[in-house]
Structure formats: C-alpha cells, structure tokens
Number of protein chains: 2
Amino acid sequence: MEIIESIQNPKVKTWKKLHSKKGRETTGTFLIEGIHLIEEALKAFIPMKELIINSEKEVPSEWKVSNIPHVFVSAKVLKEICETETPQGYVAVCELPDNRNVLLEKGKFLLIDGVQDPGNVGAIIRTADAAGIDGIILGEGSVDPFNGKVIRSTQGSLFHLPVQKMNLEEALQICRENHIPIFGTTLTGSTYNAIAPQEHFALIVGNEGSGVQETLLNQCDQNLYIPIYGNAESLNVAIATGILLYHLRG
Amino acid sequence: MEIIESIQNPKVKTWKKLHSKKGRETTGTFLIEGIHLIEEALKAFIPMKELIINSEKEVPSEWKVSNIPHVFVSAKVLKEICETETPQGYVAVCELPDNRNVLLEKGKFLLIDGVQDPGNVGAIIRTADAAGIDGIILGEGSVDPFNGKVIRSTQGSLFHLPVQKMNLEEALQICRENHIPIFGTTLTGSTYNAIAPQEHFALIVGNEGSGVQETLLNQCDQNLYIPIYGNAESLNVAIATGILLYHLRG
C-alpha cells in the first residue's frame, strides 16, 4: 500500500487549494471531512473522485465505495488538508454539482441575499431542509455553499436539497412567471403571522447587517417582519429564517 | 497618566483569570469587550468595577462613567485580556448579578437544560430577549452565561432580561406551585403548532445531542416537537427555540 507522507506531495497541494472558492471552481471539485458527511454524500449519490484516508484507519465496510479511488495518507498529511482541529481520518474529493438544478416552478423556495457568515448559511440550509423546502438560491453576495465551514454547519443537509448560485433578479423573474408569491423580509411591513401559510412561495432572507437589498424588496408581493417584543436589536438571520419558513409552510 | 504596559502586571493576571468560570465565581466579576456591549451594560445599570482602555483610544464622551475607575493599558496588554482577535480597545470588569432575580411567578420563561455550545446559548438568550421572554433559567449542565463567547453571541441581550442559574427540578417545582404550564421539547409528542399560544408558560429546551433529560420531560404538562419535513436529522437548538418561543407567545 502506497502512503503519501509528505505535505510537499503535489496531490496534497492540489487538495489544499480546494479550501478556497477559486480552487474549487477551477477544478470543479470540493472537499468534505468526516464519516457523517461522507455517508450523507454517498446516500445522495454525490460523485466522488477520491477518498483520502488516514493509513492508520480502516474504511467502514458498509461504505459502497469500491469504484472510488482510495488514497492513503499519513496523519500529518490528513491534518494538513483538513480544516477541523481534530480530523476523524476521512476526506472525500467530490464533484461540484451541476448549477442548474433548482427549477423554481412550483414549490417552496428560499432565496439568500448576501448572507456572509458560513455558520449562518450552513444553519439556514439545515433549517430549510428540516422545513421541507424544495430548493435554495444563493445570490452573488453570499458565502460559497461549498466552503468547508458551510458544509460542516449544514450537517449533511447540503446534499438533501438543491442549492444553486444564481442572480436573484433572474430568480425573482422566474418566480413571477410561475406565479409563485414572493415574500421579502424587512423591519417594517406585515407581521409575518398575519400571512396565512402558503402552498407555493419564495422567501428572501438577507445580509446580517443590512438585510435584503431594497431593489429586491420592491419586487416582492409582500414584505414580512418578525416583531421584536423585548430589547434585542434584531434576530439572528438563521433563527429568523426558521421562524418564517415554519410559519409559511404551515 | 499611568499606563500598564507589561502583561506580567498583577492586574493583567487577575483580569485574565476572568476567562474561566472559576475565576469569575471566585471574584464575583466578569469581563465584557467592546463599545456595544459596554454601552448595553451601562444602559442596564450593570455595576462596573473598572474600565480598561487602550491608552491610544479615547473614552466615548457620552459614556456616563465618571464614577468608574479607568485603567489605561498598552495595545499589547489589551490584546492579552481580550478573547476576540481584533479587540476594539475597551474592556469592562462588571459585577456578576445577584443570582436570585427570576421570579417564576407569572410570565413567559425559558429553561435551558445542558446546552453546551456558547454560540448556541448566546443565540438562545438573544432570541428569548427578542421574543419578550420574562426570564431564563440555566440548569447545571449548561455553559456558564458569563463565558465571553456567550456574552458576545447575546449581542447585549444578557443585560436585557434576567438569566439565572438554578436546579431545574426546583424551577419546575416553583412553576407548578404558580400554575404555570410547563412544555418540554422532544422528538415525539404533540406537534408544537397544535398547542395554542399561552399567556404564561415555561418552555424547556435541551442539550444539542441528547435533548431534555427524561426525568424533566416526565414532569411537563405537555411535550412539544417540531416536525422535520425534509431529510435533516434535527434542527439546531437555538433555531428550534426561536420557532417554539414565537409560536407559544403568539
């Protein structure tokens, strides 16, 4: 068994480039770390190019991975390509999915406008999955969903529903053509629970500091807000998304 | 103006001890960092023992702090006592509040059972503040609310509503005596939105992995759950708390 032991090995350098958005987009691949995420990706038939394994560990026998090349590496190399502090010993190089998989015909959709914190975007994707949302559109100003911290924060939900990067003006245009009601989120407007649950909807949530862009809010059928009853200035965007999605889906 | 420049200064060592729960409890004080949190604490009349200021910065003139001793330190000392990577230059040593301020008579209360992640507890306190909750009880297994990361995650909400550490069995006993309906959270039970909003309630949320302890659930009037419609295994505890509090308060 050949084991890659040097962090100078060209393969190691290539893998490390996948920590950046540029590296992922150039190669069309991204990394996932740990048994749980790899199992979620396998279940979702995410194409994998390589499985990178700490040579002191075994590949779980139930993994159906016989057609995926295995690369064994030292613990030191594995630590080098992992972003977590205590890596479990398993990393997969996956193919970025085709970026045209959210149909926006009928259904429940979430549009994310400029949410920048990876933990927030990951929590939002996980929450949208729990709420049974049909697809997520990420506008240009949001963090890349294949960022390692986003993926870990989704706890596998990134592989459960389509997540697509798209210009939000275009997405709203498609929603209008398909007669999907569009709801923005603001600090004024209609109290969210004055709106009845909807069979089809597109909800837009926005940046941690500045919210949804004005030009997008102007194109919404209604703008919703969550009342603040105490002295907090605002709600965290992932928590607001949870309250709104569970209310709208009914 | 005397400026503390050495990180070996006994004062600096004393301040650093406040990063640990033990240090806070021994001295009865805790640290807060940054202009926003200090302003929130001043507005809430949290007693302050010392204001520590980077000697290159000025004290904002609108701060009503004339009776609080000012200690000027070098940027290096300030960095040493801060937990954030790019400190703003202001730290306050505050007195821990009296731990008997949540009355549990009538009102809306949140009980936290063993939530361990500081970011989660901070987001929960912020969300409970937004939802206009009257007080929070933290059981023994939860992270200390005066942990620096909890305080930063609350974004000042820690100073907006009473947060008390207390044995949860005792808290439930008091709720029962006061005829406050108690709601647990589980993965089975009643769907949360089958329950009408309540004028008075105590909601218990639990540990990230194992949820609320069985012995506490057995003492609840009703146990609520949030349905998972997609393929996520669970919701983040702070997001679940947001959905439940906003539903229960109506």
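Keep in mind the model is a prediction, meaning the values are calculated, not measured.

Calculation criteria
Residues numbered from 1 in each chain as written. Chains lettered and ligands numbered in written order. Predicted model: local features only at pLDDT ≥ 70, side-chain atom pairs only at ≥ 80, totals over all residues. Heavy atoms only, no water. Domains from an automatic or database assignment. Contact = heavy atoms within 4.5 Å. Buried area = accessible area lost by both parts, 1.4 Å probe. Salt bridge = Lys/Arg side-chain N within 4 Å of Asp/Glu carboxyl O. Polar contact = N/O pair within 3.5 Å; in protein donor to acceptor, adjacent residues only side chain to side chain. Helix = DSSP H or I, 4+ residues; strand = E, 2+ residues; numbered from the N terminus. Nonpolar A, V, L, I, M, F, W, Y, C, P; charged D, E, K, R; others polar. Buried < 20%, exposed > 50% of the residue type's maximum accessible area, 1.4 Å probe, protein only. Pairing = 2+ DSSP bridges.

Draft legend 1. How the structure looks around the domain arrangement of chain A. Residue and element names in this part refer to chain A. Assigned domains within chain A: domain 1 (3–95) and domain 2 (108–249). On the side of domain 2, 12 residues touch domain 1, which itself brings 15 residues to the contact. The largest contributions to the domain 1 side of the interface with domain 2 come from Arg24, Phe30 and Leu37, which together make up 39% of the buried area. Here domain 1 and domain 2 share four salt bridges between them. Here domain 1 is connected to domain 2 by six residue pairs in polar contact (both at pLDDT 80 or more). Elements supplying a minimum of two residues to the side of domain 1 that touches domain 2: α2 (21–27), β2 (29–33) and α3 (35–43). Residue composition of the side of domain 1 that touches domain 2, grouped by class: seven nonpolar, two polar and six charged.

Draft legend 2. Representation of the pairing of strand β2 (residues 29–33) of chain B within the structure. Residue and element names in this part refer to chain B. The buried count for β2 comes to five of five residues, which makes it a mostly enclosed element. Neither face of β2 is left uncovered, since the one carrying Thr29, Leu31 and Glu33 and the one carrying Phe30 and Ile32 both have all their residues buried. Sheet topology note: the β2/strand β5 (residues 90–95) ladder contains five bridges and is antiparallel. In the strand pairing of β5, Leu31 is matched with Val93.

Draft legend 3. Region of the structure containing the side chain of B:Asn236. Tracing the sequence through the fold places B:Asn236 in the loop between β11 (222–225) and α9 (237–249). In this structure B:Asn236 touches A:Arg126 and B:Asn120, once residues within four positions along its chain are discounted.

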